[in-house]
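Take a look at the letters that make up each chain.
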Amino acid sequence: MPTLMDGKAVSAKVRQSVLLETERLRENGIVVGIAVIIVGENPASQIYVRNKHRACESCGIESFSYELPEETTEQELLELIEKLNYDDRVDGILVQLPLPKQIDEKKIILAIRTDKDVDAFHPENVGRIVSGDYRFLPCTPAGVMTILDEYGIDPEGKHAVVIGRSNIVGKPQALLLLHKNATVTVCHSKTADLAEITRRADILVSAVGKAKFVKANMVKPGAVVVDVGMNRDEKGKLCGDVDFDEVAPIAGFITPVPGGVGPMTIATLMQNTLTAAKLHKCK
Ligand code: GUN
């Protein structure tokens, strides 16, 4: 059986190191803060946001919660962001996505001050990630890199295959692996002979959002399999993109769902918020 990569444990370790630093800052009168905004009542978003607030507590980060109704206008949200952009208690601003359809996500992302953009979604921060000159880490992909590092997996010279090309995960994941000198292939819904390509992966990262999509015939024996998916199976049970029962016996390393990548995303957000506070308050 493979080595199970325990995101919960690695996340706790990262959060502990953030806590040590926020405590040190607090002794010097510096409090780290984040504003978390949710619009509407998407149940998955509500869970994510609740977990973010909990993580802040465990890291000594003050979190300011804004729960806005579904019918909030774009203008109202822009006004709130503008206020938070100039609020010195707030080092990071996070607007939970997706947003209701009357609100243009791109406009909202552009309105967040780039030195408070702890999701690293603003085009300036995305550009910095492309060039390798970044302050804020893309949360989920960086969480994946942390977990690989923790288990002694060095991407250098390896063939890494990423399934999915979203702006939040697939694209930045490919870049971070490339920065670590992996040879990277990005696959997506239009890729021909997908299994033929994924079978050549030393490191396989799946971020497609389809329950149990990755089957045993798509995985090379001994491969490192990282599952970014967060789906429901036919019985409504939480599951990843990877058919764990099928794939685990042939993988070398594998992340479970839940308890794999999910907790790492939040741990990275905590790291980014600390980075933002240092930018603002430790000159
Ligand atoms: N929705 C799904 N993932 C994310 C994320 O990482 N950040 C935000 N803001 N919204 C999300």
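Residues numbered from 1 in each chain as written. Predicted model: local features only at pLDDT ≥ 70, side-chain atom pairs only at ≥ 80, totals over all residues. Heavy atoms only, no water.

(A) Summary view of the site of the ligand. Lining the immediate surroundings of the ligand are Lys52, Leu94, Val95, Gln96, Leu97, Asp119 and Phe121. Within the backbone of Leu97, a nitrogen or oxygen atom sits 2.9 Å from a nitrogen atom of the ligand. In this structure, a nitrogen atom belonging to the ligand sits 2.6 Å away from a side-chain N or O atom of Asp119. Considered on its own, the ligand offers 280 Å² of accessible surface; in the complex 81% of this is hidden by protein. For the shell around the ligand, the residue count by class is four nonpolar, one polar and two charged. (Near = heavy atom within 4 Å. Polar contact = N/O pair within 3.5 Å; in protein donor to acceptor, adjacent residues only side chain to side chain. Areas by Shrake-Rupley, 256 points an atom, 1.4 Å probe, with all protein chains shown as cover. Nonpolar A, V, L, I, M, F, W, Y, C, P; charged D, E, K, R; others polar.)

(B) Focus on the nonpolar core. Among the nonpolar cores identified, the biggest contains 49 residues, and Ile34, Ile61, Leu148, Leu177, Val226 and Met270 are the most heavily contacted of them. Setting aside residues no more than four positions away along its own chain, Ile34 makes contact with Cys56, Ile61, Glu62, Ser63, Phe64, Gly92, Leu94, Val118, Leu269 and Thr273. (Core = buried A, V, L, I, M, F, W, Y, C linked by side-chain atoms within 4.5 Å. Buried < 20%, exposed > 50% of the residue type's maximum accessible area, 1.4 Å probe, protein only. Contact = heavy atoms within 4.5 Å.)

(C) Main features of the packing of helix H6 (residues 139-150) against helix H10 (residues 261-281). Where H6 meets H10, the closest approach of the two axes is 7 Å, and the angle between their N-to-C directions is 105°. With respect to H10, the axis of H6 lies roughly perpendicular. On H10, the residues that touch Cys139, Thr140, Ala142, Gly143, Val144, Thr146 and Ile147 of H6 are Val261, Met264, Thr265, Thr268, Leu269 and Asn272. Broken down by class, the residue content of the contact of H6 with H10 amounts to seven nonpolar, six polar and no charged. (Axes fitted to C-alpha atoms, helices over the stretch in contact; angles between N-to-C directions. Helix = DSSP H or I, 4+ residues; strand = E, 2+ residues; numbered from the N terminus. Parallel < 35°, antiparallel > 145°, perpendicular 65-115°, else oblique.)

(D) Quick look at the packing of helix H1 (residues 7-27) against helix H2 (residues 43-59). Packing of H1 against H2 brings their axes to within 8 Å, and their N-to-C directions diverge by 55°. In terms of axis orientation, H1 runs oblique to H2. Contact with H1, carried on its side by Arg15, Val18, Leu19 and Thr22, involves Ala55, Ser58 and Cys59 of H2 and no other residues of that element. Looking at side-chain class alone, the contact of H1 with H2 contains four nonpolar, two polar and one charged residues.

(E) Fine view of the packing of aromatic side chains. This structure, assessed with the given rule, holds zero aromatic pairs. A cation over an aromatic ring shows up here: Arg113 above the ring of Tyr86, its NZ or CZ 5.8 Å from the ring centre. (Phe/Tyr/Trp six-rings, centres within 6.5 Å; stacked < 30°, edge-to-face > 60°. Lys NZ or Arg CZ within 6 Å of the ring centre and 35° of its normal.)

(F) Here's a closer look at the sheet that holds strand S11 (residues 253-254). Strand order in this open sheet of six strands is S1-S11-S8-S7-S5-S6, and the pairing throughout is parallel. With partners counted over all chains shown, the strands left at the sheet margins are strand S1 (3-4) and strand S6 (183-187), one partner each. Relative to strand S7 (residues 203-206), strand S5 (residues 159-163) runs parallel, the two being bridged by four bridges. Paired with Ala160 across the strands is Ile203, a residue of S7. Its contacts with the sheet place helix H7 (residues 170-179) against S5, S6 and S7, and it is angled at close to 170° to S5. (Pairing = 2+ DSSP bridges.)

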